[in-house]
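Chain by chain, the residues:
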Amino acid sequence: MSNKNWHAQHLAIPRFEALIAESLEAVGEPGMVPRLLRHLGQALGSHKVVLFCPLPGEGDPLAAHQWGMPDDFLERYARLIQGQDAWSEALERQHEQALARGGSLSQQLIATSALKRSGFYADYLRPLGIDAMVNSIVEASPEVGVHVLALYNELGQPEFTPAQFAQLRAVTPWVRSLMRAQRRLQQAQRHTQALERTLDQLPLGLLHVDRQGTLRYLNNHARTWLGVDDEGRILLRHATGWQARAPMQLADLHTALPPLHAASQSARTPVSARLHTPQGLALVALATPLRGGPAAQEPITQFVLVPETLPQAHAAMPVCGALYGLTPAEAALLPLLLQGMTPREMADTQGVKLPTVRTQLASLYAKTGTRGQAELAQRVLRVAALVA
């Protein structure tokens, strides 16, 4: 048992292990933080809980999550902090000591009798139906600001005890870890959304499947050309509830794709084929085996789909030739490459020997800074998009 769990049990926090499990399961879901606060309040004996969590540069100095508080409590608080109050002044004076011991206990900062004579009590606590409060500093740094977890007792309830504050301090590191995980997940979501927008702008279809042929990702062109209504955005599937949905299989998209998938996985090299969509569009599909996951434990296959007739791609050929310093023979291979031809097919089409084509392809890869046929095709199509 970890020291944290032992410490929590030692302090007799009800259902703390269940709280940890539920909170981990909910990270990334909408409403995760208010649900966490509700569980904390119930475990620690409070009906009103607020997590103040402003982030520097976010433009919202009063950002907070709450459970059990009136909807307008932040507006009241905003009006209140325009002036000074006894509690805030005491917290400011003792901030370093409070932070060093993991938080601050209101009744220790200022006597309860003095607190109830203050403007803070009259203007903020009592109108909200609050008679006592206890808070813990969750995190404080220039990067994240000062995050404070506050528990409130309603009128007529007893004050918080030192034992309750000790429980609050015990759960504070866990709340800190959860909020950091939430921020990292939100950052990953933003990065993933930016990546998906970039992939949607490419003039090609792109899709990923795992070893079993289960769909992992499609961009806009792939969905449109293959007639898929479901967005299939599962780069963050555990954060979007995708796991609760029936997975889509490669065979559901097109009958020609599963054999191509099997061939590329078996040969561990790119394999291409031509196919026609239900809308009558002729496509070249290039399947490339990739490593998947941080530990390379989940091989995936990337499919690049390119229409056989792509006018802007032909317009990009002279631009690519000039941009990368290609010879006429090297530039002549580009449209064949976009059609998914193998080196042997390129040699037959050009009327040259296979070693000559292999040499020209090696030079193409070196000049364009690419590492294979699929990557070079994507590079050419990006230039085509700019030309268009």
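Remember, predicted model here, so these are calculated numbers, not experimental data. (Residues numbered from 1 in each chain as written. Predicted model: local features only at pLDDT ≥ 70, side-chain atom pairs only at ≥ 80, totals over all residues. Heavy atoms only, no water.)

Participant: Explanation requested: the overall build of the protein in the structure shown.
Facilitator: Scanning the protein from terminus to terminus reveals 18 helices and 9 strands. Within the protein, the proportion of its 388 residues that are buried is 47%. Sequence-distant contacts, at least 24 apart, represent 56% of the contacts inside the protein between residues at least 6 apart. With an accessible surface of roughly 19,200 Å², the protein has 54% of that area assigned to carbon and sulfur atoms. (Helix = DSSP H or I, 4+ residues; strand = E, 2+ residues; numbered from the N terminus. Buried < 20%, exposed > 50% of the residue type's maximum accessible area, 1.4 Å probe, protein only. Contact = heavy atoms within 4.5 Å. Areas by Shrake-Rupley, 256 points an atom, 1.4 Å probe, with all protein chains shown as cover.)

Participant: Looking at this model, I keep getting lost on the packing of helix α15 (residues 328-338) against helix α16 (residues 343-350). Mind explaining?
Facilitator: In a packed pair of helices, the relevant descriptors are the angle between the two axes and the axis-to-axis distance. Where α15 contacts α16, the axes come no closer than 10 Å and their chain directions differ by 125°. With respect to their mutual orientation, α15 and α16 come out oblique. The interaxial crossing formed by α15 with α16 has right-handed handedness. Side by side, α15 and α16 meet where Ala332, Leu333, Leu336 and Leu337 of the first sit next to Met346, Thr349 and Gln350 of the second. Grouping the constituent residues of the contact of α15 with α16 by class yields 5 nonpolar, 2 polar and no charged. (Axes fitted to C-alpha atoms, helices over the stretch in contact; angles between N-to-C directions. Parallel < 35°, antiparallel > 145°, perpendicular 65-115°, else oblique. Left-handed = near helix turned anticlockwise from the far one by under 90°. Nonpolar A, V, L, I, M, F, W, Y, C, P; charged D, E, K, R; others polar.)

Participant: Looking at this model, I keep getting lost on the sheet that holds strand β3 (residues 130-141). Mind explaining?
Facilitator: Whether parallel or antiparallel, the strands of a sheet pair through hydrogen bonds between backbone atoms. Taken in spatial order, the 4 strands line up as β2-β1-β4-β3 in an open sheet, and their pairing is antiparallel. A single partner strand is all that each edge strand has here, and the edge strands are β2 (64-67) and β3. Between one strand axis and the next, the sheet turns by 10° as a mean value, whatever way the strands run. Direction of pairing for strand β1 (residues 48-52) relative to strand β4 (residues 145-154): antiparallel, over a ladder of 5 bridges. Each residue of the ladder has a partner; that of Val49, found in β4, is Leu151. (Pairing = 2+ DSSP bridges.)

Participant: Help me understand the environment of Ala150, please; the structure alone is not making it clear to me.
Facilitator: Looking at the secondary structure, you find Ala150 in strand β4. The spatial distance from the C-alpha of Ala150 to the C-alpha of Asn135 is 4.1 Å, given a sequence separation of 15 residues.

Participant: Before we go on, may I ask you to explain the sheet that holds strand β9 (residues 300-307) in this structure?
Facilitator: The 5 strands lie next to each other as β6-β5-β9-β8-β7, forming an open sheet whose pairing is antiparallel. Since the sheet does not close on itself, it has two edges, and those belong to β6 (215-218) and β7 (271-276), each with one partner. Ignoring which end each strand starts from, the neighbouring axes of this sheet average 20° apart. Pairing between β7 and strand β8 (residues 282-290): 6 bridges, direction antiparallel. Bridged to Ala273 within β8 is Ala285. Packed onto the sheet, helix α13 (residues 257-267) meets β5 (205-210), β7, β8 and β9 and runs at close to 125° relative to β9.

Participant: Where do I start with the pairing of β6 in this structure?
Facilitator: In regular strands, side chains alternate between the two faces of the sheet. Note: β5 against β6, 3 bridges, orientation antiparallel. Bridge assignment links Leu207 to a residue of β6, and that residue is Leu218. Here β5 hands over to β6 after 4 residues, with Gly213 in that stretch at a positive phi of 85°.

Participant: Hey, could you run me through the pairing of β9 in this one?
Facilitator: Extensive coverage of β9 is indicated by the burial of 8 of its 8 residues. Of the two faces of β9, the one carrying Ile300, Gln302, Val304 and Val306 and the one carrying Thr301, Phe303, Leu305 and Pro307 are both buried. Two strands pair when backbone bridges link them, and β5 and β9 are joined in this way by 6 bridges, in the antiparallel orientation. Following the sheet pairing, His208 is matched in β9 by Gln302.

Participant: Can you help me understand unusual backbone geometry in this one?
Facilitator: Glycine aside, negative phi is the norm for most residues, and most peptide bonds take the trans geometry. A positive phi angle is found at Arg268, which is not glycine, with a value near 60°. Looking at where Arg268 falls in the secondary structure, it is placed in the loop between α13 and β7.

Participant: Explanation requested: the packing of α15 against helix α17 (residues 354-368) in the structure shown.
Facilitator: Where α15 contacts α17, the axes come no closer than 10 Å and their chain directions differ by 90°. Taken together, the axes of α15 and α17 lie roughly perpendicular to each other. Facing α15, whose interface residues are Ala329, Glu330, Leu333, Leu334 and Leu337, α17 presents Val357, Gln360, Leu361, Ser363, Leu364 and Lys367. The residue makeup of the contact of α15 with α17, split by class, is 7 nonpolar, 2 polar and 2 charged.

Participant: Sorry, what's going on with the side chain of Arg223 here?
Facilitator: Residue position: Arg223 is located in helix α11 (residues 220-226). Judged by relative accessible area, Arg223 falls into the buried class, the value being 7%. Here Asn220 takes part through its side chain, which lies 2.2 Å from a polar atom of the side chain of Arg223. (Polar contact = N/O pair within 3.5 Å; in protein donor to acceptor, adjacent residues only side chain to side chain.)

Participant: Please explain the environment of Ala18 as it appears in this structure.
Facilitator: In this structure, Ala18 sits in helix α2 (residues 16-26). Ala18 gets classed as partly exposed once you look at its relative accessible area, which sits at 27%.

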